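# Understanding the architecture of this molecule
Chain by chain, the residues:
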Amino acid sequence: MLWFLGLFFLLLCFYNFYWKRRLLPPGPIPLPLIGNYHEVEANPPGYTTFDKWRKKYGEIHTFWLAETPVVSINDFNLIQKYFVKENSDTLAGRMLVGRQMEIQRGGTFGLIFVDGVQWREHRRFALQVFRNFGMGRGLMEEKIQIEISNMFDDINEAFGNSKEITIEPSPLFEITVANIINQLLFGFGYHDKKGKQEFSKVKDCIAKMMRFACSPSINLIYSFYPLRHLPFLKQKLAEFTEVEQFISNYCQKQVETHKTAMKNSNGRKLDPQDYEKIHTELDSVIGSDRRITLADKNSLIYVNAFINEVQRSVNLLPMNLLHKTLNDVQIGNYLIKKDTAIVPQISAVMFDEKIFPEPHKFKPERFIDAKGELKKVEELVPFSIGKRQCLGESLARMELFLFVSNFYNLYKVAPIDPTNLPSLDKIPGVTIQPKQFSCNFIKRF
Ligand code: HEM
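Residues numbered from 1 in each chain as written. Predicted model: local features only at pLDDT ≥ 70, side-chain atom pairs only at ≥ 80, totals over all residues. Heavy atoms only, no water.

## Notes on the pattern of salt bridges
Considering all chains together, one arrives at 24 salt bridges under this definition. Glu-59 is the partner of Arg-54 in a salt bridge, and the nearest nitrogen-oxygen pair spans 2.8 Å. Classification of Arg-54 by relative accessible area gives buried; the value is 8%. Judged by relative accessible area, Glu-59 falls into the partly exposed class, the value being 24%. Here Lys-277 ties to Glu-365 by a salt bridge, and the two come within 2.6 Å at their closest N and O atoms. Separated by 88 residues along the polypeptide, Lys-277 in helix H13 (residues 272–285) and Glu-365 in the loop between helix H15 (346–350) and helix H16 (393–410) bring together distant segments of the chain. (Salt bridge = Lys/Arg side-chain N within 4 Å of Asp/Glu carboxyl O. Buried < 20%, exposed > 50% of the residue type's maximum accessible area, 1.4 Å probe, protein only. Helix = DSSP H or I, 4+ residues; strand = E, 2+ residues; numbered from the N terminus.)

Written out as structure tokens, the structure reads:
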């Protein structure tokens, strides 16, 4: 019996540490069943671990999510070479971990998690719908401006007769962003008290779901379905299914991504000078409390640089969505087999100290050139690149500009206690979330 167990152990080691890894780029040693999850979990939300692997194993390396190997490309030029120039079609698949979609949705539906003909048709259809709704024309801007006005009405009501109030900004931004997409999708926004309470419930579910979706226990169930009967995993799966059922895929994407970027624009540990520079520019270019529109965008250099830096330092997806090779493909010195997970690791690019020196410092100036013009930095890739690049990019960009510029034009933001600033810790998930915080809003007009 003992010799049998010994043999089994040896075979397991041979398979796990050598055989399954032999044709892939090098990378951290995976543990049986859990792969390298424990290393990502040890340093949430993951940037430090990805950076460590990059430095140790190179720009192209492999890590394991449970028993799924993921080829990770971390250098901007390589990402561009493989995902845009040479193999854009081959790398446009979407990888699902084990029975992920079956468990989550009872089949493969939608756009984000499908590939091939279904993906092409859905993507084309979605882009057409966006165009019909006025994307790229004044109509979409008008819809965003209406919701921004609703937000300012709420803020101004909270001010009453005072010039300064303490406020928790997140719920305000969340509901405003959600209302824009809700207006498009369902023709209504959450404006009255009952609607706002309903939204708060939906939002809490979304936040929970985003955390669950990348948790090791749920991914273990995707990969090894029979494990779902273990008591601990059974409970996790039940909780996950409950929230998953509550939420539609589209709402998830919209609410999480935008609100996080918006919330972070107030939550970061900024030098007070950053705000002063925004206000100086707004005072000299706009000079009143008039509504700022997209027509002002090119004149507001510092505001644009500030938004770029917020997007870079927020670094919303510590691990980008997994792509899949649709055919065998040569990546560096390796022939990667069809149906292998591959990821353009955009978070590593945006924290790459060779491109963005002192990457963890907030410096909008890195996006302004010597002539004072806005610098085009092609390595700023929050929306990813290639065929699977974010479909909502233009809507997101419009919203970010209109929200941030109008908000800072009307209000100043100050910490409640300058010696005890809000935490910069990020709550891990598919997209990271900031911790809740309150701050002071001060009217500028
Ligand atoms: C600040 C806001 C946003 C950021 C930073 C962001 C970022 C991303 C990223 C990194 C991806 C994965 C790309 C890849 O697979 O390589 C993605 C995909 C996607 N995003 Fe966004 N996103 C944002 C807002 C939005 C919005 C507002 C929508 C919809 C209205 C949206 C819809 C999508 C869709 C549908 C996909 C999947 C595209 C595909 O698989 O073909 N995103 N986004």
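## Here we look at the coordination of the iron atom of the ligand
Of the protein atoms, Cys-390 (SG) alone serves as a donor to the iron atom of the ligand, at 2.2 Å. Take Cys-390: it is sitting in the loop between H15 and H16. (Donors = N, O, S within 2.8 Å, 3.2 Å for Na, K, Ca; no water.)

## A closer look at the sheet that holds strand S9 (residues 411–414)
Note: strands within a sheet are paired through backbone hydrogen bonds, in either parallel or antiparallel orientation. Taken in spatial order, the three strands line up as S4-S12-S9 in an open sheet, and their pairing is antiparallel. Every other strand in the sheet has two partners, leaving strand S4 (164–167) and S9 as the edge strands with one partner each. Each neighbouring strand pair of the sheet contributes to a mean axis angle of 30°, computed without reference to strand direction. Pairing between S4 and strand S12 (residues 439–443): four bridges, direction antiparallel. By the bridge assignment for S12, Glu-164 is matched with Ile-442. On top of the sheet, helix H7 (residues 138–159) reaches S4, S9 and S12; it is set at about 95° to S12, its chief contact. In this fold H16 packs onto S9 and S12, with an angle of close to 85° to the strand it touches most, S9. (Pairing = 2+ DSSP bridges. Axes fitted to C-alpha atoms, helices over the stretch in contact; angles between N-to-C directions. Contact = heavy atoms within 4.5 Å.)

Function cannot be inferred from these measures alone, as they are strictly geometric.
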